[in-house]
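Fold and geometry: a report
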Amino acid sequence: MKELLGLLAVVAILLSGLALVVGLVFIRRGDRVWHPRAMLTATVLAALFLVFYLTKWGLYGTTAYGGPEEWRTAYYLLLLTHTVLAALNGPLALYVIWRAFRGEFTAHRRWARVLVPVWLYVALSGWVIYLVLQRHGVATGTIAF
Ligand code: HEM
């Protein structure tokens with residue numbers, strides 16, 4: 001169950017990143033119908049990621065890094081930036097969507113251009129963290145970094 005929840009979480013965040021890129025391609029082509037559809041799909045997938053991730057966290061605690069010492073600092077830097085940006089991603093996404101639904105597209109575009117790279121970084125770094133912990137993870141069973 002623990003492995004399944006972890007896998008579902010990273011698959012959801014990967015698909016969310018893909019839907020984001022697809023949504024970007026749509027708006028670059030001027031498609032104002034499929035752009036919001038793809039972006040709202042990306043948002044639902046990111047919310048699903050959060051559900052899977054938090055369920056796993058609540059049930060099984062965290063996994064600590066147990067790999068080579070020389071990579072420890074780099075790993076925790078990646079984890080820190082991933083966590084901070086993931087926390088920022090949620091409220092920023094809601095703000096960007098809210099602006100779009102209000103028809104305030106100048107503000108929507110301005111903040112969306114900040115949001116998109118943040119989102120992609122979170123999705124990609126999430127995968128890197130997952131792969132590192134698959135190989136070098138040590139279950140702690142406690143809620144701590
Ligand atoms: C998380 C959700 C969303 C993200 C990340 C996002 C991202 C973006 C980005 C990056 C652009 C600028 C593209 C460029 O300048 O080349 C853009 C433009 C646009 N978005 Fe979104 N979008 C989202 C949701 C929505 C929604 C829900 C709607 C409609 C209700 C929408 C409607 C538009 C429109 C109409 C534009 C063109 C604005 C203009 O050119 O003035 N977007 N979006």
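Residues numbered from 1 in each chain as written. Predicted model: local features only at pLDDT ≥ 70, side-chain atom pairs only at ≥ 80, totals over all residues. Heavy atoms only, no water.

Where an unreviewed UniProt entry is consulted, the protein chain appears under the name DUF420 domain-containing protein, with the organism given as Thermus thermamylovorans.

Looking at the packing of helix H3 (residues 72-101) against helix H4 (residues 105-136)
Packing of H3 against H4 leaves a shortest axis separation of 7 Å and a crossing angle of 145 degrees. With respect to the hand of their crossing, H3 and H4 are arranged in left-handed fashion. (Axes fitted to C-alpha atoms, helices over the stretch in contact; angles between N-to-C directions. Helix = DSSP H or I, 4+ residues; strand = E, 2+ residues; numbered from the N terminus. Left-handed = near helix turned anticlockwise from the far one by under 90°.)

Topic: the nonpolar core
Within the largest apolar cluster, 12 residues are counted, these being Ala19, Leu20, Met39, Ala42, Ala46, Leu92, Ala93, Val96, Ala112, Leu115, Val116 and Trp119. Tallying contributions element by element places H4 first for this core, with 4 residues. Within the second largest apolar cluster, 7 residues are counted, among which are Ile13, Phe49, Phe52 and Ala123. (Core = buried A, V, L, I, M, F, W, Y, C linked by side-chain atoms within 4.5 Å. Buried < 20%, exposed > 50% of the residue type's maximum accessible area, 1.4 Å probe, protein only.)

Observations concerning the layout of surface pockets
Quantified by volume, the largest pocket comes out at close to 1,200 Å³. Lining the largest pocket are 45 residues, and of these Ala9, Phe49, Tyr53, His82 and Ile129 lie nearest its centre. Those elements that place two or more of their residues in the lining of the largest pocket are helix H1 (2-28), helix H2 (34-60), strand S1 (63-65), H3, H4 and strand S2 (137-139). At 11 residues, the largest contribution of residues to the lining of the largest pocket is made by H3. Its residues placed into classes, the lining of the largest pocket shows 30 nonpolar, 12 polar and 3 charged. The calculated volume of the second largest pocket comes to roughly 710 Å³. Ile27, His35, Met39, His108 and Ala112 are the residues nearest the centre of the second largest pocket, which is lined by 23 residues in total. With 8 residues, the top contributor of residues to the lining of the second largest pocket is H4. (1 Å grid on protein atoms, 1.4 Å probe; cavity = no way out; pocket = protein on both sides within 12 Å on 5 of 7 lines; lining within 4 Å. Points joined across faces, edges and corners; volume = space filled by probe spheres on them. Nonpolar A, V, L, I, M, F, W, Y, C, P; charged D, E, K, R; others polar.)

A look at the packing of aromatic side chains
In the structure shown here, the tally under the stated rule is 9 aromatic pairs. Ring plane angle 35 degrees and centroid distance 6.2 Å describe the contact between Phe26 and Trp34, whose orientation is recorded as tilted. The class of Trp34 is partly exposed, set by a relative accessible area of 44%. Taken together, a centroid distance of 6.2 Å and an interplanar angle of 85 degrees make the contact between Tyr95 and Trp111 edge-to-face. Here the residue Tyr95 occupies a position in helix H3, and Trp111 occupies one in helix H4, the gap between them amounting to 16 residues. Overall, the relative accessible area of 26% leaves Tyr95 in the partly exposed class. Taken together, the aromatic side chains of Phe49, Tyr53 and Trp57 make up a single cluster linked through ring pairs. Geometry around Phe105 places Arg32 over its ring, the cationic atom sitting 5.5 Å from the centre. (Phe/Tyr/Trp six-rings, centres within 6.5 Å; stacked < 30°, edge-to-face > 60°. Lys NZ or Arg CZ within 6 Å of the ring centre and 35° of its normal.)

Concerning the environment of Pro36
When you line up the elements, Pro36 lands in helix H2. For Pro36, a relative accessible area of 32% puts it in the partly exposed group. When the C-alpha positions of Pro36 and Gly23 are compared, they lie 7.1 Å apart, and in sequence the two are 13 residues distant.

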